[in-house]
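A structural walkthrough
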Amino acid sequence: VIADVNDEQIINDAVGGDGNLPGGMDPETLKTLMANPEVMNLLQNVQVQEVMKLMMTGGQEALEKAMTQDPEVRDIVKKLNSVLGPVIE
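The rules we used
- Note on numbering: residues in each chain are counted from 1, in written sequence order.
- Only residues with pLDDT of at least 70 are given local features in this predicted model, and only at 80 or more are side-chain atom pairs given and counted; all residues enter the totals for whole chains, interfaces and linings.
- Each side-chain value is worked out from all heavy atoms of the structure, with water and hydrogens disregarded.
- Nonpolar side chains (Val, Leu, Ile, Met, Phe, Trp, Tyr) are joined into patches within 5 Å and like charges within 9 Å, using only residues with over 30% relative accessible area and no salt bridge.
- Per-residue and other accessible areas were derived by the Shrake-Rupley procedure at a 1.4 Å probe size, with only the shown protein chains allowed to occlude residues.
- In the sections that follow, a salt bridge refers to a side-chain nitrogen of Lys or Arg positioned within 4 Å of a carboxyl oxygen of Asp or Glu.
- Only DSSP runs of H or I reaching four residues or more are called helices, and only runs of E reaching two or more are called strands; each is numbered from the N terminus.
- Note on classification: 1.4 Å probe, protein chains only; a residue is buried when its accessible area is under 20% of the maximum for its type, exposed when over 50%, partly exposed between these limits.
- Polar contacts, as used here, are pairs of N or O atoms within 3.5 Å; protein pairs need one atom able to donate a hydrogen and one able to accept it. Residues neighboring in sequence count only if both atoms are side-chain atoms.
- Here, two residues are considered to be in contact whenever any of their heavy atoms come within 4.5 Å of each other.
- In this text, buried Ala, Val, Leu, Ile, Met, Phe, Trp, Tyr and Cys residues form a nonpolar core when linked through side-chain atoms within 4.5 Å.
- The span you would expect from a helix comes to 1.5 Å times its residue count less one.
- For a residue, the bend is simply the angle between two axes, fitted respectively to the seven-residue segment ending there and the seven-residue segment starting there.

**Digging into a nonpolar patch on the surface**
Taken together, the side chains of Leu43, Met52 and Met56 make up a nonpolar region of the molecular surface, amounting to roughly 280 Å² of accessible area. Turning to its location among the elements, Met52 is positioned in helix α4 (residues 46-69).

**Considering helix α2 (residues 27-34)**
Listed as buried for α2 are Pro27, Thr29, Lys31 and Leu33. Measuring from the side-chain oxygen of the N-cap residue of α2 to the backbone nitrogen of Glu28 gives 3.0 Å; that N-cap residue is Asp26.

**So, the side chain of Lys31**
For Lys31, the position within the fold is in helix α2. Contact partners of Lys31, with chain neighbours within four places excluded, come to Glu8 and Ile11.

**Looking at the pattern of salt bridges**
A complete count under the given rule lists four salt bridges for this structure. With its nearest N and O atoms 2.6 Å apart, the salt bridge here joins Glu38 to Lys79. Of the two residues, Glu38 is situated in helix α3 (residues 37-43) and Lys79 in helix α5 (residues 71-88); the sequence distance between them amounts to 41 residues. On the accessibility criterion, Glu38 (37% relative accessible area) is partly exposed. Each of Glu8, Glu28 and Lys31 takes part in salt bridges that share partners, so that together they form one network.

**Points about the environment of Asp26**
Relative to the helices and strands, Asp26 resides in the loop between α1 (5-14) and α2. Sequence spacing of Asp26 and Val15 is 11 residues, and the spatial spacing of their C-alpha atoms is 8.3 Å. Those residues in contact with Asp26 that lie beyond four places of it in its chain are Asn20 and Leu21.

**Things to note about the nonpolar core**
Counting residues in each nonpolar core, the largest one holds 14 residues, and the members touching the most others are Val51, Leu63, Val73, Val77 and Leu80. Elements supplying a minimum of two residues to this core: α3, α4 and α5. Tallying contributions element by element places α5 first for this core, with six residues. If we ignore the near neighbours within four places in the chain, the residues touching Leu80 are Leu42, Val48, Met52 and Gly85.

**Focus: α4**
If you check α4, its first and last C-alpha atoms are just 19 Å apart, much less than what 24 residues at 1.5 Å a residue would give, namely 34 Å. Along its length, α4 reaches its greatest deviation from straightness, about 130°, at Gly58. For α4, the full list of buried residues reads Val48, Val51, Leu63, Ala66 and Met67. You can read the cap of α4 off the contacts: a side-chain oxygen lies 2.7 Å from the backbone nitrogen of Gln47, and it is on Asn45.

Put into structure tokens, the structure is as follows:
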């Protein structure tokens, strides 16, 4: 399943001069992720959003610290890695 026409336009509008999206992700990878219902479900989870914000603002070090202090954060990161890993590696 591929992203619908509106998603396609949004992705195309976000592509930079280097052909990639902000953060360096290529558009085809994003389309693959968006077509995965499990990924889309995870991204709608408030706890997952908080973990992603932590990673974006505090970096890997903050995420690792949170994972050692909060088993729920650790479980979320493991779940994200299991779903996203094959697509983004």
